[in-house]
Amino acid sequence: MRKIIFFSFLILTFSSCKEDEKPRSGFTELSITGIQLIERNTSNEKDKSWDHLFGNSLNLNFINEEGQSFQLSLNPNEFEKPYSIELPFGDYTYSGQQISDDISEFLPIKISGSLKLSKDKQTHVLLAGTEYGLITIAQSQVSQKPIFISDPSFIFSEKENVFYAYGKDGIKTSVEISEDNPNNKFRIISQFSEYQHLEKNIVKKEESVNYKFEPVDFTIIEETILLDLENKPLNLMPFITSELDVSLNESSGLAFIQNRLFSINDEDNSASIQEIDPLNGQFIREVIIGNANNTDWEDLAQSETHLFIGDFGNNRGSRKDLNILKIPISELLNSNSVEAEKIEFAFADQIDFTGSVEGSNFDCEGFFYFNKQLHVFTKNWGNNHTRHYLIQIDKPYQEILPIEEFNTEGLITGADISNDGNDIVLLGYENKGITSKSFVWILSGYSGNEFFGGTKRKINLGSPSILSQTEGVVFRNESEIFISGEKINFSGLEIPAKLSELNLTGLF
């Protein structure tokens, strides 16, 4: 259902003819007094409503039942006086369209409608539609004009102390935001939707948002991004690419290999890997692991030659069969059935195997490959920490001890490292019930294998009620990551499994 919006609407009694002057017999003096889009959101004007800017020219074509055509040109931004045209009595259709690029400084509209002319003088409000949405950022909140760095590129326009841009429905964009003192740039991924106003509020921590639009016409979707003293975001909402196929309702890990995206489901699902389209999250194919069982698969990692599956989910800390499966990447890419080698391991620092989920600190859901080793990170239900272990890929069995520990303030469910080895992301969510938030920890500036000794930055991602339960993470390139979440029931509301993206530029 499309939304009705009034764009600049003034009905005046002005006429281009003198008051005592009438049109010719059998003709109507038609006065165009305004423009109305199909389906308005509210009926009352409010303070700080956004006034749309249109292209300055719109050509209308009126056609009657006899096929006669009549033209009228007008400026949709100016209705101080109505626009008049003299037309023969009869039934008419009318149309007109503004053409623009996919991203524009004005809102393109398409006019269409019908009317019956049978009086000397008639007034009419044009019916119109649009395929465009809007993004705004208050000028007081950023130091420079934001820029769309994706294709198509575009520099934001300025109006009423606001940076803004209109975009065609479905256009996905990456917007670069610049801040001074200190200098920093970061990026947000958004997608334009028709009749939708994305209002981005960029504020320093502990400041309040003082520039908000009221929902008069477009539906308003607000996002407030808090900045720390370094002008780095404390929170960013990932862009939700799609809902995942039901075959990935429990997506728990991701791998990105030769521009192809793979995922797995966790416990009690089939021993198989699912390939999905990185552009839209659609299921492509399944690869069966013929000699394995899925006790509780939780993450994927990759070397130059092999894919690793972490069968180490251990909610209660009671498992004694923890293992990692090793599969040649060449077979993964070219076959629908493969065999795996197995690397078995145990936590040498675990003594008690009888605990409850709430007290367990030996669950495990995240790992990656780096420097010819696998780096494993625990999911500590008991203290919201994570411990970092090393596993050798050429030993069939090993007992491992932690090399470091870090308070992650939540449960770590996935991990990955950039291709250059300089940056790490740890994905997780808070264990706070309905108020929980998903997050990523970004680690950089570390030395050797002591990842927790460098710079650590936490970015809140939003509620699992929007993102689903965030479980899998993988670098798409040096600055972008994919995130997958599994299906959950959130306070009685069913949240489907989802695939999301996040740009990490300016966050390390």
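Everything discussed here concerns the structure shown above.
Everything quoted here is computed from the prediction, not taken from an experiment.

Caption draft 1: Expanded view of the overall build of the chain. Counting its secondary structure elements, the chain contains 2 helices and 42 strands. With the principal axes as the frame, the chain shows a C-alpha extent of 100 × 50 × 40 Å. Across the 508 residues in the chain, those meeting the buried criterion constitute 55%. Considering only contacts within the chain whose residues lie at least 6 apart along the sequence, 59% involve residues at least 24 apart.

Caption draft 2: Focus on the pattern of salt bridges. In total, this model carries 22 salt bridges according to the counting rule given. When the shortest N-O distance is used, the salt bridge between aspartate 228 and arginine 457 registers 2.7 Å. Placement of aspartate 228 in the loop between β18 (219–227) and β19 (239–243) and of arginine 457 in strand β37 (residues 455–462) is noted, with a sequence separation of 229 residues between them. The burial state of aspartate 228 is the same as that of arginine 457; both residues are buried. Among the ionic pairs, glutamate 501 bridges to arginine 476, the shortest N-O distance being 2.8 Å.

Caption draft 3: Seen up close, the sheet that holds β37. On the basis of which strands lie adjacent, the open sheet formed by 4 strands has the order β34-β35-β36-β37 and antiparallel pairing. Looking along the sheet, the strands with just one partner apiece sit at the ends: β34 (411–417) and β37. The sheet shows a mean angle of 20° between the axes of neighbouring strands, taken without regard to direction. Where strand β35 (residues 423–429) lies against strand β36 (residues 438–444), 7 bridges are found, and the strand directions are antiparallel. Across the sheet, the residue bridging to glycine 428 is phenylalanine 439, located in β36.

Caption draft 4: Summary view of the pairing of strand β24 (residues 299–302). Judged from the 4 bridges that link them, β24 and strand β25 (residues 306–311) form a sheet pairing that is antiparallel. Note on β25: the bridge partner recorded for alanine 301 is phenylalanine 308. If you look at the hairpin formed by β24 and β25, you'll find 3 residues sitting between the two strands.

Caption draft 5: Local environment of unusual backbone geometry. In this structure, the amide linkage connecting asparagine 181 to the following residue, proline 182, adopts the cis form with an omega of -5°. Relative to the helices and strands, proline 182 is located in the loop between β15 (172–179) and β16 (184–191). For asparagine 259, which is not glycine, the phi dihedral falls at a positive 65°. Mapping asparagine 259 onto the fold places it in the loop between β20 (251–257) and β21 (260–265). The exposure class of asparagine 259 is exposed, given its relative accessible area of 62%.

Caption draft 6: Up close: the side chain of histidine 306. Here histidine 306 is to be found in strand β25. On the basis of relative accessible area, histidine 306 is assigned to the buried category, the value being 18%. Of note is the side chain of histidine 306, whose polar atom sits 2.7 Å from the side chain of threonine 305. Setting aside chain neighbours within four positions, we find histidine 306 in contact with Ala301, Lys326, Ile327, Pro328 and Ile329.

Caption draft 7: Inspection of the sheet that holds β25 at higher detail. Overall, mixed pairing links the 5 strands, which are arranged β24-β25-β26-β28-β32 in an open sheet. On the outer flanks of this sheet lie β24 and β32 (397–400), each paired with one strand and no other. Averaged over all adjacent pairs, the angle separating strand axes in this sheet is 25°, with direction ignored. Of the strand pairs in this sheet, β25 and strand β26 (residues 323–328) are connected by 6 bridges, and their pairing is antiparallel. Looking across to β26, one finds that phenylalanine 308 is bridged to lysine 326.

Caption draft 8: Highlighting the nonpolar core. Membership of the largest hydrophobic core comes to 36 residues, with the highest contact counts inside it found for Ile32, Phe62, Ile109 and Ile111. Broken down by element, this core gets its largest block of residues, 4 residues, from strand β2 (residues 27–37). Beyond its immediate stretch of four places on either side in the chain, isoleucine 32 contacts Phe62, Leu72, Leu74, Phe79, Pro82, Tyr83, His124 and Leu126. The next biggest cluster of nonpolar side chains, apart from the first, holds 34 residues, and it includes Phe186, Leu198, Ile225 and Ile483.

Caption draft 9: Here's a closer look at the packing of aromatic side chains. Using the criterion set out here, one finds 24 aromatic pairs in the structure. The interplanar angle of 85° and the centroid separation of 5.7 Å between the aromatic rings of phenylalanine 345 and phenylalanine 347 together place this pair among those described as edge-to-face. Of the two residues examined, phenylalanine 345 and phenylalanine 347, each falls in the buried class. Among the aromatic residues, those joined into a cluster by ring pairs are Phe368, Phe370, Phe377, Phe406, Trp441, Tyr446, Phe451 and Phe452. Here arginine 24 stacks its cationic end above the ring of phenylalanine 27, 3.9 Å away from the centre of that ring. Looking at arginine 387, its charged tip hangs above the ring of phenylalanine 362, at a distance of 4.5 Å from the centre.

Caption draft 10: Region of interest: a nonpolar patch on the surface. Among the surface-exposed residues, Ile147, Ile149 and Ile155 lie close enough to one another that they form a single nonpolar patch of about 230 Å² accessible area. As for its placement among the helices and strands, isoleucine 147 is situated in strand β11 (residues 147–148). Using a relative accessible area of 32% as the deciding quantity, one classes isoleucine 147 as partly exposed.

Caption draft 11: Structural view of the environment of glycine 281. Tracing the chain through its elements places glycine 281 in the loop between β22 (272–276) and β23 (283–289). Judged by its relative accessible area of 1%, glycine 281 is buried. Sequence separation of glycine 281 and leucine 261 is 20 residues, and the distance between their C-alpha atoms is 8.9 Å. The residues contacting glycine 281, other than those within four sequence positions of it, are Ser242, Leu244, Ile276 and Leu499.

Caption draft 12: Molecular detail of the side chain of asparagine 64. Its place among the elements puts asparagine 64 in strand β3 (residues 58–64). When neighbours within four sequence positions are excluded, asparagine 64 is seen to be in contact with Phe70, Asp91 and Tyr92.

Conventions we followed
Every chain's residues receive numbers from 1 upward, in the order its sequence appears when written. Selection of residues for local features in this predicted model requires a pLDDT of at least 70, selection of side-chain atom pairs for listing and counting requires 80 or more, and totals for whole chains, interfaces and linings are taken over all residues. Side-chain descriptors were evaluated using all non-hydrogen atoms of the structure, hydrogens and water having been removed beforehand. Secondary structure elements follow DSSP: runs of H or I no shorter than four residues count as helices, runs of E no shorter than two count as strands, and numbering proceeds from the N terminus. Exposure is judged per residue with a 1.4 Å probe applied to protein chains only, and the accessible area is read against the type maximum: over 50% gives exposed, under 20% gives buried, and values in between give partly exposed. In this description, contact between two residues means that some pair of their heavy atoms is separated by no more than 4.5 Å. We define a salt bridge as a side-chain nitrogen of Lys or Arg found within 4 Å of a carboxyl oxygen belonging to Asp or Glu. Pairing between two strands requires that DSSP report at least two bridges joining them. All axes are obtained by fitting lines to C-alpha atoms, using only the stretch in contact for helices, and the reported angles, taken between N-to-C directions, cover 0 to 180 degrees. Polar contact is defined as a pair of N or O atoms within 3.5 Å, subject to the rule that within protein one atom must be able to donate a hydrogen and the other to accept it, and that residues adjacent in sequence are counted only when both atoms are side-chain atoms. Here, nonpolar core refers to any group of buried Ala, Val, Leu, Ile, Met, Phe, Trp, Tyr and Cys residues whose side-chain atoms link them within 4.5 Å. Any two of the Phe, Tyr and Trp rings considered here, Trp counted by its six-membered ring, make a pair once their centres fall within 6.5 Å; the pair's planes then place it as stacked at under 30 degrees, edge-to-face at over 60, or tilted in between. To sit over a ring, a charge needs its Lys NZ or Arg CZ within 6 Å of the ring centre and within 35 degrees of the ring normal. Residues qualify for a patch when their relative accessible area is over 30% and they have no salt bridge, like charges being joined within 9 Å and the nonpolar side chains of Val, Leu, Ile, Met, Phe, Trp and Tyr within 5 Å. Accessible surface is estimated by sampling points in the Shrake-Rupley manner with a 1.4 Å probe; for residues, cover comes only from the protein chains shown.

Honestly, it's all geometry; don't read function into it.
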